[in-house]
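The primary structure of each chain is shown beneath.
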Amino acid sequence: MIERVIATDAALELIALLQKKHGPLMFHQSGGCCDGSSPMCYPDGELIIGDQDVLLGYIGETPFYMHQNQFEYWKHTQLIIDVVEGRGGMFSLEGVEGKRFLTRSRAFTAEENRELQI
């Protein structure tokens, strides 16, 4: 099964730490306003998910959403959630840890795109 969103080991470790501190979590891929295009991590339910949000999958048993308009642009890529040192100007939970989540990506192959359309 092809996953639309995956996480590096470093990201999974940070997710586990944040889960211990805050309980269940959720992610939403920011669309570029105040926080650039960072993946935003919140306590589960803190951000209201609407009809226009797409569930891309789960990382560390944590749901990962993106707005439908943004998904149309990114649907041909796999998102790879990673962690880098430093604080961004963000509302995401990891900011106080001196780290921030970062979205990397890779284009799906033609075969993967065909499989995803089934």
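Residues numbered from 1 in each chain as written. Predicted model: local features only at pLDDT ≥ 70, side-chain atom pairs only at ≥ 80, totals over all residues. Heavy atoms only, no water.

Engineer: Describe in detail the sheet that holds strand β1 (residues 5-7), supporting the description with residues and values.
Structural biologist: Strand order across the open sheet formed by three strands is β1-β6-β7, with mixed pairing between neighbours. Edge positions in the sheet fall to β1 and β7 (99-107), since each has one partner strand and no second. If you compare each strand with its neighbour and ignore which way they point, the axes differ by 30° on average. When β1 meets strand β6 (residues 77-85), the two strands line up parallel, connected through three bridges. Residue pairing across strands places A7 opposite I81, the latter belonging to β6. (Pairing = 2+ DSSP bridges. Helix = DSSP H or I, 4+ residues; strand = E, 2+ residues; numbered from the N terminus. Axes fitted to C-alpha atoms, helices over the stretch in contact; angles between N-to-C directions.)

Engineer: Pulling in residues and values, what's your account of the pairing of strand β4 (residues 53-59)?
Structural biologist: Pairing between β4 and strand β5 (residues 62-67): six bridges, direction antiparallel. Bridging from a neighbouring strand, I59 pairs with T62 of β5. What sits between the antiparallel neighbours β4 and β5 is a turn of two residues, in which G60 has the positive phi angle 60°.

Engineer: Tell me about the pairing of β6, residues and numbers included.
Structural biologist: Walk down a regular strand and you will see the side chains alternate between the two sheet faces. Buried residues dominate β6, accounting for seven of its nine residues. Where β6 meets β7, nine bridges bridge the pair, whose relative direction is antiparallel. Residue V84 lies in a different strand from β7, and its bridge partner there is R100. (Buried < 20%, exposed > 50% of the residue type's maximum accessible area, 1.4 Å probe, protein only.)

Engineer: Residues and numbers for the sheet that holds β5, please.
Structural biologist: As summarised here, the arrangement of the four strands in space is β3-β2-β5-β4, forming an open sheet in which the pairing is mixed. The strands lining the two open edges of the sheet, one partner per strand, are β3 (39-43) and β4. Recorded for the sheet is a direction-independent mean angle of 25° between the axes of neighbouring strands. Together, β2 (25-29), β3, β4 and β5 form the strand contacts of helix α1 (residues 9-22), whose direction differs from that of β2 by roughly 130°. (Contact = heavy atoms within 4.5 Å.)

Engineer: Which residues make up the pattern of salt bridges, and what values go with them?
Structural biologist: One pass over the structure, following the stated rule, counts four salt bridges. Among the ionic pairs, K21 bridges to E97, the shortest N-O distance being 2.7 Å. One end of the pair, K21, is in helix α1; the other, E97, is in the loop between β6 and β7, and 76 residues separate them in sequence. (Salt bridge = Lys/Arg side-chain N within 4 Å of Asp/Glu carboxyl O.)

Engineer: Provide a residue-level description of the side chain of D82, including the pertinent values.
Structural biologist: As for its position among the elements, D82 is in strand β6. Relative accessible area serves as the criterion here: at 13%, D82 is assigned to the buried category. A distance of 2.9 Å separates a polar atom in the side chain of D82 from a polar atom in the side chain of T8. In terms of polar contacts, D82 uses its side chain to reach the side chain of R104, at 2.9 Å. (Polar contact = N/O pair within 3.5 Å; in protein donor to acceptor, adjacent residues only side chain to side chain.)

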